[in-house]
Amino acid sequence: MTAVTDQDHTDHTDHTGRSDHTDHTGRTGHTDRTGRADRADRTHHMDHTDHGHSADDRAHEEGDHSVTDTPTGEPSGEGTATAPEDTRHERPAKRPDAGPDRGQDRGPAGGPDGGPDEEPAGGGRTRERAERAPTRVPRDPGTDRAADDRTGAPADAPADDRTDSAGAWDDGLIARRVNEGTGAEQGVSPESRVGAAPAAPAPLAYDGPLRSRLDALRELVGLSRARLDNRTLAEAGRVLDEAGARRKLSGQHTVVAIAGATGSGKSQLFNTLAGVTISETGVRRPTTAAPIACSWSDGAATLIDRLGIPGRLRRRPVQSAEAEAQLDGLVLIDLPDHDSAAVQHREQVDRILALVDAVIWVVDPEKYADAVLHERYLRPMAGHAEVMFIVLNQVDRLPGEAAELVLDDLRRLLDEDGIALGEYGEPGATVLALSAITGDGVTELRELLGQFVGERGAASRRVAADVDGAAARLRPVYVTGQRTGLSEEARDEFAGRLADAVGATAAGEAAERAWLRNANRACGTPWLRLWRWQQDRREPAATGRLQVRTQADEEATARQRVEQAVRTVSDRASAGLPAPWGQAVREAAVRGAQGLPEALDELAARTGLPPGRPPRPGWWPAAVLAQAAMTLLQVVGGLWLVGQIAQVMAPNLGVPVLLMLAGIVGGPLVEWSCKMAARGPARRYGQDAERSLRDAAAGCGRARVLDPVAAELLRYREVREQYGRVTGVGAGAR
Amino acid sequence: MVTLDVRPQLLDALSALRDRVAAARFPLPLAGAPRARANRDELLAQLDDYLVPRLRQPEAPLLAVVGGSTGAGKSTLVNSLVGRRVSEASVLRPTTRTPVLVCHPEDHHWFSGMRVLPDLTRVWMPHQEPSDDLLPTGPDGRRVLRIETAETLPPGLALLDAPDIDSLLADNRVLAAELMCAADIWVMVTTAARYADAVPWHLLRTAKEYDATLVTVLDRVPHQVVGEVSRQYGALLTKAGLGDVPRFTVPELPESAWGGGLLPASAVASLRTWLVHQAQDPAARRQVLARTAHGVLDSLSSRMPELASAAAAQYAAALRLTSAVDGAYDSEYARVRGRLQSGAVLAGDALKRWRAFPLDCTAGELLDALVESLAALLLCAVTAADERVDDAWRREPASDAPALTDRDPLPDNAEHRIGLAVRRWRRELEEYAEDEVRALERGAAPDPEAVAALVATVLLGGRRARSAGEGLAERLGAHGALRLRDRGGRLLGEHLDRVMHTERERRLAPLEALDVHAEPQAELIAALSVLQKER
């Protein structure tokens, strides 16, 4: 038996058959049925006859299908509006039974004598359809949408559940069907003709947690675009793209690449698994120059397309029922080496390793400890341990117990690489020894591979590992492990610095003292006031009373203090943030600080005390009156005494002396008590002045600097949460 | 071609060059730095381990170093050439962790001293039947060379079994490269499975670059494919321009490896004959020596300029870093000057105090406020300069050097230093004011503190402190006021310069500690040209 090469399918553009459809418009609603009958006949009569026809056939499948899936798209091609409706009615009904036994259903139905076999499957309708069949036997086999209906429906059904992107889905489906038809059709072995009317494989469905992680990652990338450069996000973007691309493709298949050093026996193992010499083996190094794909079941064409493997390098394994059942859904890729002097091989390996679902690393006793393998591939891919097989090939070259020794050493090295080994039922890489030449251990690998492929989980696990890897690589730009945020103290300190910058404390103190001074002046003894007044007249500069310093102050706010305050607070805010976000916070602070000093200037001028004398409280006149009364007492007493001395008045020393004394003592007493009484209001006055300045400055600072900074911090927190969603849920799901 | 006699001048020139190479440092993490460092180490190893000893003592035995990838069967090959198990061979990789040198007993003295490979501690195992558990493990952290003697080897030839050149252990790789550098004859071992690997080819190309005497052994060839593999390998070698390299093929035999047996003598006979011929035939020997030695000498003319340009790049990067610091501090200094002139210090608190002075504010308070404001201005300038330096350095890959990144994380230190400087200025200003006041003959001398406050206001307040100047002139007289202003201004300038200078030096200190200069470049080139003149 030889393997079969897929042909290039470039000639699918022949749509002439479509014109036929218009002939059948009269048979509204029955087109599908007759088509189905045709199909039965056609497969009966025309199988094995003509490959060219088959190509036509596929072309029409393509045309028809686009109609089916987008009913509004081109109904005229089908000539009937009921047919699509019909289809949609049938689909859900068929889904439950068709899904599970699709695989076994396909085998007999598509075989050489698929026509008769179809009868029971089609049920009553088939019979009805058979009656009409004779009239249309020579018909061009283009309109076999009935066949599509039957086999395509189960595959389509899950797609209908996914309502997200109908358009993209359509494209994917058509492409898949065309390619897959080709892949199957060109088979020489009868088994491979099974795919003549194959089912479109269901696309991959990620489980909930993974999907939400992918969504979170997408959102995270979106949120971070403005802050991080593209290079940082490239990896995450690539993971998203690949996850999206993989999702659209078959979930029934698992793409497994065989990678390894040159001469380790990758191709040998590949051939052994396929049961036929597909990949050239030899002593010439490096042997395999281009990747070769081998698909165990149909529907993998688009998957292989994604790897960029041309049609001439696609093969089918030798089909045996047992192998088919065991490895159903496996797509095996034989890679070139990764360590030879041929650099382009390495590039191909790197490219394809990023796209496949799982990898079998083939090592041999000679090369299992090569630095290039461990340092360049295994260590970086340690997170993908679950989708890794590590196979020690060529154990036949090792004597007896040496194989075990080497295998243990290999396990040790893998452990050092950080690869979790799947022992004792834990998830991780599978390590086993085999010999592709003698066949030792191949059965075991085949079993493990069958089980692995059967689980259909590799693609999701690979994507999950990719997401893990991308998240880990992004970690430094999202997480620092330190507490972030602007503490209350930092805010207070900022307000304090701004208050310093506008001079709130000094202004308050000055106001308080001015008030006190005025109070003293107002309530002082007139003699004192007289003395002061004289002093003022003598040297006005000393007391500053006549100084005109209340000129327009430009730049009353200390610029350097504002600058320093902003710098300090932005440093505090960005402490513990990853560099890009810290930078954003600083930029926000600096942007907010522009114009802040001017605003503070204006504010200080507005809220500061009006120049001139502080307001006078109500009790001052009373105090002044009392002071005046005291002075009056002194004067009266004095006059009285003078009168007595002048003998104008009757001598009576007691009363005038008492009066005068009362006046002399009372004046300072009143002054002192006024001073005491003024202290409280003065402090209050000063504090008011200080507080009003302080509050205004703080408010201005908050609005211009703290709020933007807080907004930036909030944005970071959002992103951080998103990042947590990317990683955290994954951990929870495991 | 120059014959290999001992030539003192050449040796002198060479050791001068060696010292220059050893002195070259590449501390800044530039793109080319790791490569330059590796080049320097390799060149040093080649000079120390091979070229200098070889030129000094041309009569020393030939050293053939057996190198190759892990699992290529180097140890087995050495054992087979010697005829007994001198080097441990095993299925587990990497096998050879301790290099083993095998020589004839008469040649032992050549290698037991520190003539070649001075970095490696010698371990001499007395002749005994080696068993698996008798692997000498050197003291931790020291690299060890085991020396074995064997009668079966001809005098004048030594074999060195090197660790894997592509070992998983990075130390092994470095050691292997160093050992290869010490070789007169490079014996490259590869296998049927490996002959297209990138790593050994890299080594082959290096050997070609240095024009070393090279011989390749294709080991472990299954006998069915001997012809084809050998032809393929030959084709690859020819394509790489190494077609004339002697090539030996050793078939894969059951005893060949996985157990550490010896290959039958016939399997390695041709290789052995070739090696013995090189060692014992005087003409062949001279040619081998001259070829490798001159290869290394020739390679210097390209490697030294490479090192020199790496040194120049280091210096250029250091210069860029320094000029970034200088630029930042210069512009900040200019800004501080400008702000002082415009009276920015007399703002905020200080301005409020000044307004209240002297009625509602004492001279001391005004001075305090002024000094504090000045300190804030300076601190602001210094931190702004630091920020600018950080910004500029972020764009420089060289600034990632660990010495430069972990600066003292306490900017309070700067605040502290500036505070000290400013307070000292205040104190000196007060002293000046007292001097002036004392000089006044008037009985009613003004309060020195008020004078000091007024002077400070005049100096720091710029235009807006005009009235302070008037007040000062009133108190001290126009002459005294002017003198005090001048002295105070000069003092202020000095302190300002000193603060900015100190901070700049502090910032530059770690960079200067790295000791990157312009000289190494010129010195390297000069040493090379001296050497070339001597040849």
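Residues numbered from 1 in each chain as written. Chains lettered and ligands numbered in written order. Predicted model: local features only at pLDDT ≥ 70, side-chain atom pairs only at ≥ 80, totals over all residues. Heavy atoms only, no water.

What follows deals with the overall build of chain A. Helix and strand counts for chain A stand at 29 helices and seven strands. In chain A, which comprises 734 residues, the share counted as buried stands at 52%. Contacts in chain A between residues far apart in sequence, at least 24 positions, make up 79% of those at least 6 positions apart. Counting only carbon and sulfur atoms, one obtains 55% of the accessible surface of chain A, whose full area is about 32000 Å². (Helix = DSSP H or I, 4+ residues; strand = E, 2+ residues; numbered from the N terminus. Buried < 20%, exposed > 50% of the residue type's maximum accessible area, 1.4 Å probe, protein only. Contact = heavy atoms within 4.5 Å. Areas by Shrake-Rupley, 256 points an atom, 1.4 Å probe, with all protein chains shown as cover.)

The subject of this paragraph is the packing of helix α2 (residues 33-56) of chain B against helix α9 (residues 282-341) of chain B. Residues and elements named next belong to chain B. One way to put it is that α2 packs onto α9 with a least axis distance of 10 Å and a crossing angle of 150°. The angle between the axes of α2 and α9 places the two elements in the roughly antiparallel class. Note on packing geometry: the crossing formed by α2 with α9 is left-handed. In terms of residue class, the contact of α2 with α9 is made up of 13 nonpolar, four polar and seven charged. (Axes fitted to C-alpha atoms, helices over the stretch in contact; angles between N-to-C directions. Parallel < 35°, antiparallel > 145°, perpendicular 65-115°, else oblique. Left-handed = near helix turned anticlockwise from the far one by under 90°. Nonpolar A, V, L, I, M, F, W, Y, C, P; charged D, E, K, R; others polar.)

Once that is clear, we can look at the pairing of strand β4 (residues 144-149) of chain B. Residues and elements named next belong to chain B. In terms of residue burial, β4 counts as a mostly covered element, since six of its six residues are buried. Side chains Val144, Arg146 and Glu148 project from β4 onto one buried face, and the interleaved Leu145, Ile147 and Thr149 project onto a second face that is buried too. Bridge count between strand β2 (residues 100-103) and β4: four bridges; the pairing is parallel. Of the residues in β4, the one forming a bridge with leucine 101 is isoleucine 147. (Pairing = 2+ DSSP bridges.)

What follows covers the pattern of salt bridges. Two side chains carrying opposite charge are able to pair once their charged atoms lie near each other. All names here are of chain A. This structure, assessed with the given rule, holds 62 salt bridges over all chains. Across the pair glutamate 416 and arginine 412 runs a salt bridge whose closest N-O atoms are separated by 2.9 Å. Linking glutamate 416 with arginine 412, this pair stays in helix α18 (residues 402-417), spanning four residues, or about one helical turn. Among the residues examined, glutamate 416 registers a relative accessible area of 52% and is labelled exposed. (Salt bridge = Lys/Arg side-chain N within 4 Å of Asp/Glu carboxyl O.)

Counting residues at the interface gives 60 residues for chain B, matched by 62 residues for chain A. Between chain B and chain A, roughly 5100 Å² of surface is buried when both sides are summed, and carbon and sulfur atoms account for 48% of that area. Along the contact surface separating chain B from chain A lie seven salt bridges. The partner of glutamate 387 of chain B in a salt bridge is arginine 567 of chain A, with the nearest N and O atoms 3.5 Å apart. For the pair chain B and chain A, the number of links is 13 residue pairs in polar contact (both at pLDDT 80 or more). Elements with a contribution of two residues or more to the side of chain B that touches chain A: α6 (198-210), α7 (226-239), α9, α10 (349-356), α11 (363-394) and α15 (466-513) of chain B. Here the side of chain B that touches chain A is composed, by residue class, of 28 nonpolar, 10 polar and 22 charged. (Buried area = accessible area lost by both parts, 1.4 Å probe. Polar contact = N/O pair within 3.5 Å; in protein donor to acceptor, adjacent residues only side chain to side chain.)

On to the packing of aromatic side chains, then. Throughout the structure, instances matching the rule amount to 10 aromatic pairs over all chains. Centre to centre, the rings of tryptophan 201 of chain B and tyrosine 233 of chain B are 6.3 Å apart; their planes meet at 70°, and the pair counts as edge-to-face. Within this pair, whereas tryptophan 201 of chain B is found in helix α6, its partner tyrosine 233 of chain B is found in helix α7, the two being separated by 32 residues in sequence. Each member of the pair tryptophan 201 of chain B and tyrosine 233 of chain B is classed as buried. Of the aromatic side chains, those joined through ring pairs into one cluster are Tyr478, Trp581, Tyr716 and Tyr723 of chain A. Sitting above the plane of the tyrosine 432 of chain B ring, arginine 487 of chain B keeps its charged end 3.8 Å from the centroid. (Phe/Tyr/Trp six-rings, centres within 6.5 Å; stacked < 30°, edge-to-face > 60°. Lys NZ or Arg CZ within 6 Å of the ring centre and 35° of its normal.)

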